[in-house]
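Breakdown of the fold
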Amino acid sequence: MQNIYSSRPHAAITAIGGYVPQGRRTNFDLEQVCDTSDEWIVKRTGIKERRILEQGLATSDMAVMAIQDLCTRYAKDIADVDAIIVATSTPDVLMPATANIIARKLGLKNVWAFDMNAACSGFLYALDMGASLVETERYKNVLIVGADNISAFVDIHDRSTNILFGDGAGVIWLEPSAEAGVMDAFMQSNGDGREFLNIEGGGSLYPTSQETPDDERRYLRQDGKVVFKQAVQSMSNACKHILDRNQLGIEQVNWLVPHQANKRIIDAVGKEINIQEEKTLTNIAYRGNTIAATIPLCIWENIKLIQKGDLLMLTAFGAGFSWGASLLRWMI
Ligand code: COA
């Protein structure tokens, strides 16, 4: 197997943590607020319930819990962290970055901390960026957080979105390694996707104001059919691209970890790249789509299945449109 980055220093994941809030939103809860049914939702999405963060808390609170979980499980000292990249589209506030808020809550005074907004592809984008920082040898210990409090932007009465989304946070710790842990990554985007998946309100174009408290642009909106088709195509192509340029056959991949958007999307990607169903990791049934958190949370919740040395293919798709795939050797 050829690694195209073999001449550079390497980065590897050395710890992982996660957090989901206690609050549950089941399909039966949704039956009470809109014209839907548990049967329809399970059949069309594979989702049974989602976790919902309580009001008064925000994305940074979940991220801090996930980081504390990581430090406890892997005996990591938070004081060693040089940089924190937070993939989120639901920052606590517009300024400062949620990464700064997290650093403050963790007592880190001099850390390089910034946010990355690439919607549901955010974790993969941030992972690639974090690995690159480690590979430069300027940063040794880099935290990559994927966290979203998307329920704050879901219209509870909109059955085309309320069935899909939930809250959560996942985090991984990157550090230098003799062997390549993060082996390859391929990221792309196409701004033509804007009208099909967006939250238009709350930015500088449509700022929230006292005159528009009920502006419906504050909610996530999507054209589900367009997004579905693009997601399958883009994730499949990204995976195939990674396999080809690393001269790998799909049988050499131990685990596919796809963005958890809809079980039918996951199944369609698996079929398209021809991976055995039992090699695809999921947690969508009880988490829904947690935006930037899906991939680290899915690994975290399936961690007992993954062995040291396993080859993982991660793939994501989201607003932008943005998408990508990453290839990992699991080192812990
Ligand atoms: N409950 C019950 N019925 C529903 C429904 C719901 N929540 N949503 C739609 N329907 C109905 C429609 O009215 C339609 O009825 P009709 O045939 O009588 O006209 C039928 O079910 C099919 O609707 P459709 O919109 O074609 O459903 P779908 O199979 O495309 O599923 C989504 C809708 C949203 C679940 C699906 O398109 C999807 O998951 N898309 C991707 C979204 C996504 O992943 N976004 C985030 C990407 S990061």
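Residues numbered from 1 in each chain as written. Predicted model: local features only at pLDDT ≥ 70, side-chain atom pairs only at ≥ 80, totals over all residues. Heavy atoms only, no water.

**Remarks on the overall build of the protein**
Basically, it comes down to this: Under the scheme used here, helices are H or I runs from DSSP no shorter than 4 residues and strands are E runs no shorter than 2 residues, and both carry numbers assigned from the N terminus. Radius of gyration here uses only the C-alpha atoms, and the compact-globule reference equals 2.2 Å multiplied by the residue count raised to the power 0.38. Any two residues whose heavy atoms approach within 4.5 Å at even a single point are treated as in contact. Per-residue and other accessible areas were derived by the Shrake-Rupley procedure at a 1.4 Å probe size, with only the shown protein chains allowed to occlude residues. In this tally Asp and Glu are treated as negative and Lys and Arg as positive; neither His nor the chain ends contributes. A single reference atom marks each charge: NZ on Lys, CZ on Arg, CG on Asp, CD on Glu.
A count of helical and extended segments in the protein gives 9 helices and 13 strands. Since a compact globule built from 332 residues should have a radius of gyration of about 20 Å, the 19 Å found for the protein is in line with a globular shape. For the protein, the spread of C-alpha atoms along the three principal axes comes to 55 × 45 × 35 Å. Taking the contacts inside the protein whose residues are at least 6 apart along the sequence as the reference set, 77% of them involve residues at least 24 apart. Looking at the protein as shown, the accessible area adds up to about 15000 Å², and 48% of this sits on carbon and sulfur atoms. Taken together, the 32 basic and 40 acidic charged side chains of the protein have centroids lying 3 Å from each other.

**Focus: the packing of helix α3 (residues 59-74) against helix α4 (residues 98-106)**
The line we're drawing: Working convention: axes come from line fits to C-alpha atoms, limited for helices to the stretch in contact. Angles between N-to-C directions cover 0 to 180 degrees. In this scheme, roughly parallel covers angles under 35 degrees and roughly antiparallel covers those over 145, while 65 to 115 is roughly perpendicular and the rest are oblique. Take the far helix as your reference; a near helix turned counterclockwise from it by less than a right angle gives a left-handed crossing, and one turned clockwise gives a right-handed crossing. Classes in brief: Ala, Val, Leu, Ile, Met, Phe, Trp, Tyr, Cys and Pro nonpolar; Asp, Glu, Lys and Arg charged; the others, Gly included, polar.
Packing of α3 against α4 brings their axes to within 9 Å, and their N-to-C directions diverge by 50 degrees. In terms of axis orientation, α3 runs oblique to α4. In this structure, α3 crosses over α4, and the sense of that crossing is right-handed. Facing T59, S60, D61, A63, V64 and I67 of α3, the residues of α4 in contact are T98, I101, I102, K105 and L106. Residues of the contact of α3 with α4, tallied by class, amount to 6 nonpolar, 3 polar and 2 charged.

**Structural notes on the nonpolar core**
Using the following cut-off: To form a nonpolar core, buried Ala, Val, Leu, Ile, Met, Phe, Trp, Tyr and Cys residues must be joined to one another through side-chain atoms within 4.5 Å. The classification of residues rests on relative accessible area computed with a 1.4 Å probe and restricted to protein chains. Under 20% of the type maximum is buried, over 50% is exposed, and intermediate values are partly exposed. Here the bounds of each domain stem from an automatic or database domain assignment.
F165, I265, M313 and F317 are the most contacted members of the largest nonpolar core, which has 41 residues in total. At the level of elements, β8 (182-189), α6 (224-245), α7 (263-273), β12 (311-318) and β13 (322-329) are the ones that each hand at least two residues to this core. When we break this core down by domain, the ones giving at least three residues each are domain 1 (10-179) and domain 2 (184-282 + 291-329). In this structure, F165 is in contact with R50, I52, I150, V154, L220, Q222, N289 and I291, ignoring residues within four places of it in sequence. Ranked by size, the runner-up nonpolar core spans 39 residues in total, among them I85, V142, L174 and A293.

**Description of the UniProt feature "active site" (unreviewed entry) in the protein**
What counts, and what does not: UniProt positions are given in the numbering used here, feature names are shortened, and annotations may be inferred rather than shown by experiment. Definition of a polar contact: a pair of N or O atoms within 3.5 Å, with one able to donate and the other able to accept a hydrogen when the atoms are protein atoms, and with sequence-neighbouring residues admitted only if both atoms are side-chain atoms.
If you check UniProt for "active site" (unreviewed entry), the listed places come out as C120, H259 and N289 in our numbering. In three dimensions, the annotated residues from a span of 170 residues occupy one location, with a maximal C-alpha spread of 8.7 Å. Structurally, C120 can be placed in the loop between β5 (112-116) and α5 (122-135). Setting aside residues up to four positions removed in sequence, C120 forms contacts with H259, N289, I291, A292, A316, F317 and G318. By the element assignment, H259 lies in the loop between β11 (255-258) and α7. Its relative accessible area of 2% is what places H259 among the buried residues. Of note is the side chain of H259, whose polar atom sits 3.4 Å from the side chain of N289.

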